[in-house]
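Tertiary structure, described
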Amino acid sequence: VGLLDIAKCLNDAISKLERSNDQSNSAAEDAVKQVANLQGAGGAQAAALQALLGPLMSQAFGGQQSPTLRSILAGKPATMVSPDTSLRDAGEIMADRRKAALVVDDGELVGIFGFKDMMTRAIAKELPLSETAISSVMTPEPESVSPDMTVLEALQTMHDHKFLTLPVCESDGTVVGIVDVMDCIYNSSKDGWRSLFDSAMEIDDGTASIHSGASVGRSVGGRSSVSARGSVKSAKSTKDERPVSKLRPKKPLLSSVDDTVLAVTQKLARKRGDASLVIGSSGGLAGIITDTDITRRVVAKDVDPHYSIAKVMTPNPTCVSMSDPAMEALATMVENHFRHLPVVDSKGSVVGLLDIAKCLNDAISKLERSNDQSNSAAEDAVKQVANLQGAGGAQAAALQALLGPLMSQAFGGQQSPTLRSILAGKPATMVSPDTSLRDA
């Protein structure tokens with residue numbers, strides 16, 4: 001039905017990239033203009049600098065601008081309660097909107113109270129929910145961020161401070177709302193979160209991956225692509241076949257279907273966990289219970305904590321194996337808003353738990369470690385830009401500090417080989433003008 005010509009494929013690929021690069025990218029243009037302004041460049045100089053750096057910046061920005069927190073919160077009611085709101089009432093609001101509660105007093109943010117707080121500070125300690133004011137157990141004076149912060153900046157902030165939620169407030173203190181890690185990942189665009197995790201998994205950080213032989217050919221909504229005639233595998237290449245083990249699932253906290261809600265929450269509080277996998281009488285995975293479930297199914301429904309955990313758990317949860325494709329597992333979590341995904345072996349026995357917040361933290365940490373490594377290609381390019389602008393001393397250092405990480409990302413963290421290096425030791429195909437065609 002056709003013939004693949006790698007030269008044509010290469011030409012088509014370059015043409016596509018050139019067309020994509022020709023599209024206007026406001027984030028790239030703004031960044032280039034800022035660099036030009038830093039260097040005092042104007043007129044022809046600024047135009048030359050933009051022509052030089054424009055395509056590079058566009059590539060580093062991924063061809064699109066990250067949405068702001070204001071845009072993803074538009075039209076969504078904030079989960080605000082007053083300091084004297086009871087834990088029962090707060091839990092009902094939190095369950096309805098599936099968000100942590102922001103405690104607001106006279107228009108000012110004074111505290112935050114999340115799902116894990118409800119589980120560990122209220123249910124595990126057997127507090128009387130209807131008589132306990134949220135102000136007595138909230139986290140006071142939480143940090144907040146601007147609604148003009150981008151989703152990617154919010155993810156970085158969460159990583160840096162080990163936050164799972166961020167209150168969002170105007171500069172005058174007006175509360176706009178709250179975002180959590182799932183909001184940011186989901187709104188970073190399909191290509192955005194895929195690119196982040198894909199880049200992190202490509203980094204060789206010396207960590208050995210645990211490859212399991214279990215469930216070969218099975219995936220979360222995926223299909224095997226092995227052909228009987230040994231042809232090239234379709235579409236999904238080795239990148240998409242990197243296993244779940246690459247995501248380093250954490251050791252799960254286990255509970256029994258016979259345990260009470262109170263016992264499970266107290267165990268999670270002691271272990272500082274936020275989810276437990278529930279094991280059935282046969283030893284297989286029966287369900288999962290999370291801190292969010294405790295608020296939605298225990299607090300909001302007024303269920304007695306002494307009831308069996310089986311009454312409120314999610315039964316027969318979606319799960320993956322260590323050898324399933326990592327990107328498909330992540331897609332399942334993002335598209336279904338699952339923060340946790342159990343990992344089992346071929347017999348159904350639990351071997352791990354994927355936590356998308358941990359996966360995100362690991363990915364950003366890997367990228368940061370990679371970025372910290374010296375990259376001579378990036379340094380040379382920055383120095384060339386500085387020289388073009390006549391920058392020296394402090395100016396050149398400032399420019400290098402600004403552009404260094406960006407250039408390193410664009411160069412893929414490594415230096416492109418020279419033609420000299422790839423020709424080393426190889427004889428040249430040289431003949432004289434009077435050599436016969438037979439001899440040539």
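An account of the accompanying structure is given in this report. (Residues numbered from 1 in each chain as written. Predicted model: local features only at pLDDT ≥ 70, side-chain atom pairs only at ≥ 80, totals over all residues. Heavy atoms only, no water.)

Before going further, it helps to spend a moment on the packing of helix H6 (residues 115-123) against helix H11 (residues 261-271). Interaxial distance between H6 and H11 falls to 9 Å at its minimum, and their mutual angle equals 105°. One element, H6, and the other, H11, form an angle in the roughly perpendicular class. Across from Met119, Thr120 and Ile123 in H6, the residues of H11 making contact are Leu262, Thr265, Leu268 and Ala269. (Axes fitted to C-alpha atoms, helices over the stretch in contact; angles between N-to-C directions. Helix = DSSP H or I, 4+ residues; strand = E, 2+ residues; numbered from the N terminus. Parallel < 35°, antiparallel > 145°, perpendicular 65-115°, else oblique. Contact = heavy atoms within 4.5 Å.)

The subject of this paragraph is the sheet that holds strand S8 (residues 275-279). Read from one edge of the open sheet, four strands run S7-S8-S9-S10, paired in mixed fashion. Looking at the sheet topology across the chains shown, the edges are occupied by strand S7 (254-256) and strand S10 (314-315). Lying over the sheet, H11 contacts S7, S8 and strand S9 (285-290), oriented at roughly 135° with respect to S8. Of the strands in this sheet, S9 and S10 touch helix H12 (residues 291-299), which is tilted by about 85° from S9. (Pairing = 2+ DSSP bridges.)

Moving on, we get to a negative patch on the surface. A surface patch of negative charge is lined by Asp84, Asp105, Asp106, Glu108 and Glu141. Locating Glu141 in the fold gives a position in the loop between strand S4 (139-140) and helix H7 (151-161). Glu141 gets classed as exposed once you look at its relative accessible area, which sits at 71%. (Patch = residues over 30% accessible without salt bridge, like charges linked within 9 Å, V, L, I, M, F, W, Y side chains within 5 Å. Areas by Shrake-Rupley, 256 points an atom, 1.4 Å probe, with all protein chains shown as cover. Salt bridge = Lys/Arg side-chain N within 4 Å of Asp/Glu carboxyl O. Lys, Arg positive; Asp, Glu negative; His and termini not counted. Charge placed at Lys NZ, Arg CZ, Asp CG, Glu CD. Buried < 20%, exposed > 50% of the residue type's maximum accessible area, 1.4 Å probe, protein only.)

Moving on: the environment of Val261. Mapped onto the elements, Val261 comes out in helix H11. As for Val261 and Val298, which are separated by 37 residues in sequence, their C-alpha atoms are 8.5 Å apart. Other than its neighbours up to four places away in sequence, Val261 contacts Ile294, Val298, Pro305, Tyr307, Ser308, Ile309 and Val312.

Relative to the helices and strands, Asp180 is located in strand S6 (residues 175-180). Of note is the side chain of Asp180, whose polar atom sits 2.8 Å from the backbone nitrogen of Asp183. (Polar contact = N/O pair within 3.5 Å; in protein donor to acceptor, adjacent residues only side chain to side chain.)

One recurring pattern in soluble globular proteins: nonpolar side chains tend to sit buried together. With 41 residues, the main nonpolar core has Leu69, Val179 and Leu354 as its most contacted residues. For this core, the secondary structure elements donating two or more residues are helix H4 (69-73), H7, strand S5 (165-169), helix H8 (181-186), helix H9 (190-202), helix H13 (326-336), strand S12 (340-344) and helix H14 (356-372). Residue contributions to this core peak at seven residues, all from H13. Discounting chain neighbours no more than four positions away, the residues touching Val179 are Leu69, Ile72, Leu73, Met158, Leu164, Thr165, Leu166, Val168 and Cys184. (Core = buried A, V, L, I, M, F, W, Y, C linked by side-chain atoms within 4.5 Å.)

Right, let's get into helix H5 (residues 87-97). Residues of H5 that are buried: Leu87, Arg88, Ala90, Gly91, Met94 and Ala95. Down the axis of H5, the smallest arc covering the buried residues is 160°, so these residues share one side. Its buried side turned inward, H5 meets strand S2 (101-105), strand S3 (108-113), H6 and H12. Looking one or two places after H5, you find Arg98, whose phi comes out positive at around 55°. (Arc of directions from axis to C-beta.)

We now examine the sheet that holds strand S13 (residues 350-355). An order of S11-S12-S13 is seen for the three strands of this open sheet, with the pairing classed as mixed. Edge positions in the sheet fall to strand S11 (320-321) and S13, since each of these pairs with one other strand and no more.

With that settled, consider the pairing of S3. On a regular strand, each side chain points to the face opposite its neighbour's, so the side chains alternate between the two faces of the sheet. Bridge count between S2 and S3: five bridges; the pairing is antiparallel. Each bridged residue has a counterpart across the sheet, and for Ala101 the counterpart in S3 is Phe113. Joining the antiparallel neighbours S2 and S3 is a turn of two residues, in which Asp106 adopts a positive phi near 55°. Summarising the sheet, S3 and S4 pair through two bridges and their orientation is antiparallel. By the bridge assignment, Gly111 is partnered in S4 with Pro140.

What follows deals with H12. All buried positions along H12 are accounted for by Asp291, Asp293, Ile294, Thr295, Val298 and Val299. Tucked inside the fold, the buried residues of H12 contact H5, H6, H11, S9 and S10.

Let us look at the pairing of S2. Within S2, four of the five residues are buried, which leaves the element mostly enclosed by the surrounding structure. In this sheet, S2 lies alongside strand S1 (residues 80-81) in parallel orientation, the contact comprising two bridges. Within S2, the position partnered with Val81 by the bridge is Val103. Once you follow S1 into H5 and on to S2, the crossover reads as right-handed. (Right-handed = clockwise from strand over helix to strand, strands pointing away.)

Attention now moves to the pattern of salt bridges. Scanning the model with the defined rule gives 14 salt bridges in all. Note that Arg70 is salt-bridged to Glu170, the shortest N-O span being 2.8 Å. In this pair, Arg70 is assigned in helix H4 and Glu170 in the loop between S5 and S6, connecting sequence segments 100 residues apart. Taking relative accessible area as the criterion, Arg70 reaches 33% and is therefore assigned partly exposed. The residue Lys99 makes a salt bridge to Asp180 at a minimum N-O spacing of 3.2 Å. Pair noted here: Lys99 is in the loop between H5 and S2 and Asp180 is in strand S6, with a separation of 81 residues, a long-range link. Among the charged side chains, a network of salt bridges with common partners joins Lys250, Asp274, Arg339 and Asp355.

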